[in-house]
Amino acid sequence: MSQESQLTTALAEAAATAGHAPSVHNSQPWRWRVLPDALELRSVADRQLAAADPEGRLLAISCGTALHHARLALAAEGWRAVVQRLPDPADSELLARLTDLSHTTADPDAMRMVQCMQVRHTDRRPVSDEPVPPTAIEEITRAVTAEGCRLQILDRDEMLELAATAGHADTVEAEDPELRAELAYWTSRAGEGTGLPAEVLPEQPAQTTVPGRDFGRPGSLPVGPGHDRMAVYAMLHGDEDERDSWLRAGEALSAGWLTATRLGVSVVPLSAVVEVPAIAAIAVLSTSRSASPAGMRLGNDPSAR
Ligand SMILES: Cc1cc2nc3c(=O)[nH]c(=O)nc-3n(C[C@H](O)[C@H](O)[C@H](O)COP(=O)(O)O)c2cc1C
């Protein structure tokens, strides 16, 4: 294969691998364009949550996770790329371009992270009573920092404040007919490839210090009586509240989440709270083992999806 067609294949494969990236309500609001010498990431306007996310913050964070996945997929195949974020102010849907590609040796760390992409998922069940090792928190924090963002681990008071904010956000959202209709849309798209199937939503609210998002309908995911007492809550944020920072927050979320997956730590983003005040993303980190009475092992088993 010529170097040119190798590059085109690698770009197309990176775009496909990026399909594993997490996105708000599994909306996957991105589209890739494979060019002979570059890969472009574009947002898809009709997958934006018009009611919950009118400014496109969660859309940009979601696209940022896909961008980070694509960067790793290329690095795993030995391709180094220059990342241009928001390269054309006149084209607001063009979020990033991966360009100036050169081939070197495959990056083993990136290869490992690509494997983590296949098993990473959002598990909304309560977590085990085993504390998250401090070394794991440090490593996840480093991964976020390396992407230019910060992960602030919350102390007890901050966690209670977050719990109150999340509860308030749920009440506000439950009373808003547009937000309810939007959630109903994304939770009733079984078989469409996007949206949240019943299997990933709890049968009943899990017992957590900070309430998880109220999806407005029960799912079929059994949750045990466990409580996430040992969960660690954190806030992921950048320096600015602008599109470029939102994109980077998504890249950092992906970096932290894949690192967590590698370390057996589960992550649940809690973004309902940022649909009210303007902060980037909230994550709950916890061990990946379930406290459910069935003693099922969660986390890295893709068949549990
Ligand atoms: C920006 C962003 C915000 C999210 N917000 C929430 C949330 O508030 N509550 C929740 O349970 N999951 C949340 N998620 C997780 C998504 O629902 C999940 O990534 C998506 O359904 C795909 O499923 P997967 O992560 O298992 O691949 C969020 C994900 C992203 C990227």
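Residues numbered from 1 in each chain as written. Predicted model: local features only at pLDDT ≥ 70, side-chain atom pairs only at ≥ 80, totals over all residues. Heavy atoms only, no water.

(A) Up close: helix 6 (residues 177-186). For helix 6, the full list of buried residues reads Leu179, Glu182, Leu183 and Trp186. Here the buried residues of helix 6 occupy an arc of 95° about the axis, which is enough to place them on one side. Its side-chain oxygen at 2.9 Å from the backbone nitrogen of Glu178, Asp176 defines the N-terminal cap of helix 6. (Buried < 20%, exposed > 50% of the residue type's maximum accessible area, 1.4 Å probe, protein only. Helix = DSSP H or I, 4+ residues; strand = E, 2+ residues; numbered from the N terminus. Arc of directions from axis to C-beta. Polar contact = N/O pair within 3.5 Å; in protein donor to acceptor, adjacent residues only side chain to side chain.)

(B) Broad picture of the state of the cysteines. Tallied over the full model, the rule gives zero disulfides. Just so you know, Cys63 is unpaired, no disulfide at all, and the nearest cysteine sulfur is the one on Cys149, 15 Å from it. Exposure remark for Cys63: the relative accessible area of 0% places this residue in the buried category. Classification of Cys149 by relative accessible area gives buried; the value is 4%. (Disulfide = S-S within 2.5 Å.)

(C) Representation of the pattern of salt bridges within the structure. All told, the structure shown has 15 salt bridges when counted by the stated rule. Its salt-bridge partner being Asp241, residue Arg57 comes within 2.9 Å of it at the nearest N-O pair. Within this pair, whereas Arg57 is found in helix 2 (residues 57-76), its partner Asp241 is found in the loop between strand 6 (232-237) and helix 7 (243-262), the two being separated by 184 residues in sequence. On the basis of relative accessibility, which here comes to 36%, the residue Asp241 falls in the partly exposed class. (Salt bridge = Lys/Arg side-chain N within 4 Å of Asp/Glu carboxyl O.)

(D) Representation of the layout of surface pockets within the structure. Counted as a void, the second largest pocket has a volume near 230 Å³. Lining of the second largest pocket is provided by Leu72, Ala75, Asp107, Asp109, Ala110, Arg112, Met113, Glu139, Ala143, Ala255, Thr259 and Arg262. Contributions of two or more residues to the lining of the second largest pocket are made by helix 2, helix 3 (108-119), helix 4 (134-146) and helix 7. The leading source of residues in the lining of the second largest pocket is helix 3, at four residues. Here the residues of the lining of the second largest pocket are counted per class, giving six nonpolar, one polar and five charged. (1 Å grid on protein atoms, 1.4 Å probe; cavity = no way out; pocket = protein on both sides within 12 Å on 5 of 7 lines; lining within 4 Å. Points joined across faces, edges and corners; volume = space filled by probe spheres on them. Nonpolar A, V, L, I, M, F, W, Y, C, P; charged D, E, K, R; others polar.)

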